[in-house]
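In case you want the letters, here they are:
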Amino acid sequence: MNFETNELTEQVAQMARDFARQHIQPHVMEWDESQEFPIHVFKEMGKLGLMGVLVPERYGGAGLGYFEYVAVIQEIAKVCGSIGLSLAAHNSLCTGHILAFGNEEQKGKYLPKLATAEWLGAWGLTEPNTGSDAGNMKTTAVRDGDHWVLNGTKCWITHGKSGDVAVVIARTGEPRAKNNATAFIVEKGTPGFSAGKKENKLGMRASETAEMIFDNCRTPDANRLGEIGDGFKQSMKILDGGRISIAALSLGIAKGAYEAAVKYSKERYQFDQPIANFQGIAFKLADMATEILAAELLTNQAADLKNKGMKMTMEAAMAKYYASEVAVKVSNEAVQVFGGYGYTKDFPVEKYYRDSKLCTIGEGTSEIQKLVISREVLHG
């Protein structure tokens, strides 16, 4: 793997950095307090190609690779984890699923709208009682002629209310049977498809999380993604890429908290000198810098393998697991560096602290990642 950042990646990162400072940073706490989901920001990012980073140019996307994608998510998350989360979910889940498993007709119909943010995407796998136990999902799809009838509820869905189109995984076989799930594209406004409760969250409050409810919702067979019964297999492959997304998100949050702590440690004076001069603070910063770099190397390794089309299940899980834990640890230490001020909303680290915890949960908990890693280590 080449450890040097190429010119294209740096240019893309700078574009995302400039956008975040101009269009996101002034409103971060306003959106967080009100739980406003700023759709207009995503429309603007769509004009820059940030909503279709990995989508080929022939479908209206930017046609970039995973190094550029990781850079974009990091730069946005350094300013606001909520916007970074929604950006990642749109790119890697809904858009990514259609890109990976859609036929040409489906790609031509949906990807141009998603890549430009004309439409916002959602992705529905998780259910109230079947989080990691997806083989026992309760949402079903029953064939009726040229259509499928969906019934059930999906929860914890990013853009579950505001999304214009969703990729939904529903059970088409018996519970726990092999190959018992299928993926479908369901458009907003389809009769029987509605939004449920919007979650009131600890962090990531400007990223919409809501239920999707299906009540005799009819979607045409033409909207089926891939073969009947392949939905779970497809989802596992999508989640491999999703883990890189969360690793990048975690890195952005960790870097944002770290940079704020470094800056404050140089400005805050005690005993006639900046607190950065005290070993108790300096050693914290050294630990933070070391762990962030280690997480970044793991993330870039997974991105490199993904770019090359190679298997990276273990590497993506390692990156997601380690980077998310680092985000929580670094954010926690950043609050300590700020002291009492770090516990107030006048400074940014309390938000990094709240946002970071979701990274250890989204796309599977840290325990799930360790399960994935151990399976790869033991069974290859």
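Residues numbered from 1 in each chain as written. Predicted model: local features only at pLDDT ≥ 70, side-chain atom pairs only at ≥ 80, totals over all residues. Heavy atoms only, no water.

**Q** Would you take a moment to explain helix 1 (residues 7–24) for this structure?
**A** One turn of an α-helix holds 3.6 residues; hence residues three or four places apart share an orientation. Between its first and last C-alpha atoms helix 1 spans 25 Å; for 18 residues at 1.5 Å apiece the expected length is 26 Å, and the two agree. Of all the residues in helix 1, the buried ones are T9, V12, A13, A16, R17, F19, A20 and I24. Within helix 1, the buried residues cover an arc of 165 degrees as seen down the axis, which keeps them to one side. Exposed residues lying more than 90 degrees from the buried face of helix 1 are E7 and Q22. Here the buried face of helix 1 lies against helix 2 (28–34), helix 3 (39–47), helix 4 (66–79) and helix 5 (81–101). At the N-terminal boundary of helix 1, the capping side chain belongs to N6, with an oxygen 3.1 Å from the backbone nitrogen of L8. (Helix = DSSP H or I, 4+ residues; strand = E, 2+ residues; numbered from the N terminus. Expected span 1.5 Å × (residues − 1). Buried < 20%, exposed > 50% of the residue type's maximum accessible area, 1.4 Å probe, protein only. Arc of directions from axis to C-beta. Contact = heavy atoms within 4.5 Å. Polar contact = N/O pair within 3.5 Å; in protein donor to acceptor, adjacent residues only side chain to side chain.)

**Q** What is the right way to read the side chain of R17 from this model?
**A** With respect to the secondary-structure elements, R17 resides in helix 1. With relative accessibility at 16%, the residue R17 sits in the buried group. Not counting chain neighbours up to four residues away, the residues in contact with R17 comprise E10 and E75.

**Q** Explain the packing of aromatic side chains to me, please; I cannot follow it from the model alone.
**A** Each aromatic ring pair is described using two quantities: the centre-to-centre distance and the angle formed by the ring planes. Summed over the entire model, instances satisfying the criterion amount to 10 aromatic pairs. Ring centres of F193 and F214 lie 4.9 Å apart, and the angle between their planes is 10 degrees; this geometry places the pair in the stacked category. Highlighted residues: F193 in strand 6 (residues 193–198) and F214 in strand 7 (residues 209–220), separated in sequence by 21 residues. Judged on exposure class, the residue F193 and its partner F214 are both buried. (Phe/Tyr/Trp six-rings, centres within 6.5 Å; stacked < 30°, edge-to-face > 60°.)

**Q** What is the right way to read the nonpolar core from this model?
**A** Counting residues in hydrophobic clusters, the biggest one holds 68 residues, and the most contacted among them are I24, M45, I76, I83, L87 and L249. A per-element tally of this core places helix 7 (residues 231–267) first, with 13 residues. Among all residues touching I76, those that are not within four sequence positions of it are A16, F19, A20, I24, M45, I83, G84 and L87. Within the second largest apolar cluster, 23 residues are counted, among which are V55, L114, L125 and L225. (Core = buried A, V, L, I, M, F, W, Y, C linked by side-chain atoms within 4.5 Å.)

**Q** In this structure, what is going on with the side chain of D221? I would like to understand it.
**A** The topology assignment puts D221 in the loop between strand 7 and strand 8 (224–225). A relative accessible area of 17% means that D221 is categorised as buried. A distance of 3.3 Å separates a polar atom in the side chain of D221 from a polar atom in the side chain of R143. When residues no more than four places from it in sequence are discounted, the contact partners of D221 are R143, D146, H147 and W148.

**Q** Teacher, can you tell me more about the environment of G192 here?
**A** Mapping G192 onto the fold places it in the loop between strand 5 (181–187) and strand 6. Judged by relative accessible area, G192 falls into the partly exposed class, the value being 28%. In this structure, the C-alpha to C-alpha distance between G192 and D215, residues 23 residues apart in sequence, is 4.7 Å. Once residues within four sequence positions are removed from consideration, G192 is found in contact with I213, F214, D215 and C217.

**Q** For this particular structure, what's the right way to read the environment of N136?
**A** Inspection of the secondary structure assignment puts N136 in the loop between strand 1 (121–124) and strand 2 (140–144). Separated by 44 residues in the primary sequence, N136 and N180 place their C-alpha atoms 9.1 Å from one another. Each residue touching N136, except ones within four places of it in the same chain, is listed here: T130, P175 and R176.

**Q** Just to check I follow, could you spell out the packing of helix 7 against helix 8 (residues 279–307) for this structure?
**A** Two measures define how a pair of helices packs: the angle their axes make with one another and the distance between the axes. The contact between helix 7 and helix 8 brings their axes to 10 Å, and the two run at 155 degrees. One element, helix 7, and the other, helix 8, form an angle in the roughly antiparallel class. For the crossing formed where helix 7 meets helix 8, the hand is left-handed. Between helix 7, through I244, A247, A248, L251, A254, K255, Y258, A261, V262 and S265, and helix 8, the contact on the second element is made entirely by I281, L285, M288, A289, I292, A295, E296, T299, A302, A303 and K306. (Axes fitted to C-alpha atoms, helices over the stretch in contact; angles between N-to-C directions. Parallel < 35°, antiparallel > 145°, perpendicular 65-115°, else oblique. Left-handed = near helix turned anticlockwise from the far one by under 90°.)

**Q** It is not clear to me how the pairing of strand 7 should be interpreted in this structure. Could you clarify?
**A** Working note: regular strand, side chains alternate between the two faces of the sheet. Examined bridge by bridge, strand 3 (residues 147–158) and strand 7 share nine bridges and lie antiparallel to one another. For T153, the partnering residue across the bridge sits in strand 7 and is I213. (Pairing = 2+ DSSP bridges.)

**Q** How do you make sense of helix 8 when you look at a structure like this?
**A** With 29 residues, helix 8 extends 41 Å between its outermost C-alpha atoms, agreeing within 8% with the 42 Å of an ideal straight helix rising 1.5 Å per residue. The complete set of buried residues in helix 8 reads I281, L285, M288, E291, I292, A295, T299, N300, A302, A303, D304 and L305. For helix 8, the secondary structure elements touched by its buried residues are helix 4, helix 7 and helix 9 (313–338). One or two residues past the end of helix 8 sits G309, with phi positive at roughly 75 degrees.

**Q** Please explain unusual backbone geometry as it appears in this structure.
**A** In this model, A117 sits at a positive phi of 70 degrees, which is unusual for a non-glycine residue. Summarising the element assignment, A117 is placed in the loop between helix 6 (104–115) and strand 1. Even without being a glycine, W156 presents a positive backbone phi close to 60 degrees. Relative to the assigned elements, W156 resides in strand 3.

**Q** What is the right way to read the packing of helix 4 against helix 8 from this model?
**A** Between helix 4 and helix 8, whose axes approach to 8 Å, the crossing angle comes to 140 degrees. With respect to their mutual orientation, helix 4 and helix 8 come out oblique. Residues Y66, F67, V70 and Q74 of helix 4 pack against E296, T299, N300, A303, D304, K306 and N307 of helix 8. Taken together, the residues that form the contact of helix 4 with helix 8 break down as four nonpolar, four polar and three charged. (Nonpolar A, V, L, I, M, F, W, Y, C, P; charged D, E, K, R; others polar.)

These results come straight from atomic positions and should not be treated as a statement about function.
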